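# Observations on the three-dimensional arrangement
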Amino acid sequence: MFKMYGIKNCDTIKKARNYLAESGTDYRFHDYRVDGIDDALLQSFIDQLGYEVLLNTRGTTWRNLPEAERAAVTDAASAKAVMLAQPAIIKRPVLSAPNGDLLVGFKDSLYHAFIQEKS
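Cut-offs and rules
Residues numbered from 1 in each chain as written. Predicted model: local features only at pLDDT ≥ 70, side-chain atom pairs only at ≥ 80, totals over all residues. Heavy atoms only, no water. Helix = DSSP H or I, 4+ residues; strand = E, 2+ residues; numbered from the N terminus. Rg over C-alpha atoms; globule rule 2.2 N^0.38 Å. Buried < 20%, exposed > 50% of the residue type's maximum accessible area, 1.4 Å probe, protein only. Contact = heavy atoms within 4.5 Å. Areas by Shrake-Rupley, 256 points an atom, 1.4 Å probe, with all protein chains shown as cover. Core = buried A, V, L, I, M, F, W, Y, C linked by side-chain atoms within 4.5 Å. Expected span 1.5 Å × (residues − 1). Arc of directions from axis to C-beta. Pairing = 2+ DSSP bridges. Right-handed = clockwise from strand over helix to strand, strands pointing away.

Looking only at helices and strands, the chain features 8 helices and 4 strands. Here the chain has a C-alpha radius of gyration of 14 Å; the compact-globule value for 119 residues is 14 Å, and the two agree. On the principal axes, the C-alpha backbone points of the chain span a range of 45 × 25 × 25 Å. Looking at the chain as a whole, 42% of its 119 residues are labelled buried. When contacts within the chain are restricted to residue pairs at least 6 apart in sequence, those whose partners lie at least 24 apart make up 63%. Surface exposure of the chain reaches about 6,600 Å², of which carbon and sulfur atoms provide 47%.

See the structure below:
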C-alpha cells in the first residue's frame, strides 16, 4: 500500500489525494500535524532523497523562521532539526511506494508513472 505524508489542509496534498482516489490507488495518509514525524522516519527520507529535496525554502514556514535559524541550516543534521521542530517545512506530499521508494511533490504524470512502476 502507498503512504502519503503531508498536511491535510495543503492545496497540493488535496490535489494529490484526489488523484489517488480517482485512480483507485490504495493509500494511507499520514498527517504531520496529527501523527507527527519521528527522527527515524525523517532520517530515512533524508537518506533516500537528501535534505535539500525535503526542505521547503519557498514556503511561509521557512520565511517566518528567524534569519539566524535559516542561516544555521548548513547540513543534513541542522536541516533535520528544523524539519522535526517545524514539520510544515517539509516539502509535500511525500509519497512512499510499497517497496519504500519515495516521490516528493505532485504532478499527475509523475504520479501516474510512479504508481504504475511501483504497484
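Take the nonpolar core next. Counting residues in each nonpolar core, the largest one holds 22 residues, and the members touching the most others are Y32, F45, L54 and M83. Those elements that provide at least two residues to this core are α3 (39-49), α4 (51-54) and α7 (76-85). Looking at which element gives the most residues to this core, the answer is α3, with 4 residues. Residues within four places of Y32 in sequence aside, it is in contact with Y5, G6, I7, I37, F45, P87, I90 and V94.

Here we take up helix α1 (residues 11-23). Taking 1.5 Å per residue, 13 residues should reach 18 Å; α1 reaches 18 Å between its end C-alpha atoms and fits that length. For α1, every residue scored as buried is listed here: I13, A16, Y19 and L20. With its buried residues spanning 125 degrees around the axis, α1 presents them on a single face. Of the residues in α1, the exposed ones pointing more than 90 degrees away from the buried face are D11, K15, A21 and E22. Contacts made by the buried residues of α1 are with β1 (2-6), β2 (27-31), β3 (94-96) and α8 (108-118). In the stretch just after α1, G24 is the one whose phi turns positive, near 75 degrees.

Positionally, S78 belongs in helix α7. For S78, a relative accessible area of 18% puts it in the buried group. With residues up to four places along the chain from it excluded, the contact list for S78 reads A72 and V73.

Moving on: α7. Within the sequence span of α7, burial applies to S78, A79, K80, V82 and M83. On its buried face, α7 is in contact with α3 and α4.

Once that is clear, we can look at the pairing of β2. Where β1 and β2 come together, 5 bridges link them in parallel fashion. Opposite F2, over in β2, you have Y27 as the bridge partner. For the crossover that starts at β1, traverses α1 and ends in the parallel β2, the hand is right-handed.

The quantities given are spatial measurements derived from coordinates; they are silent on function.
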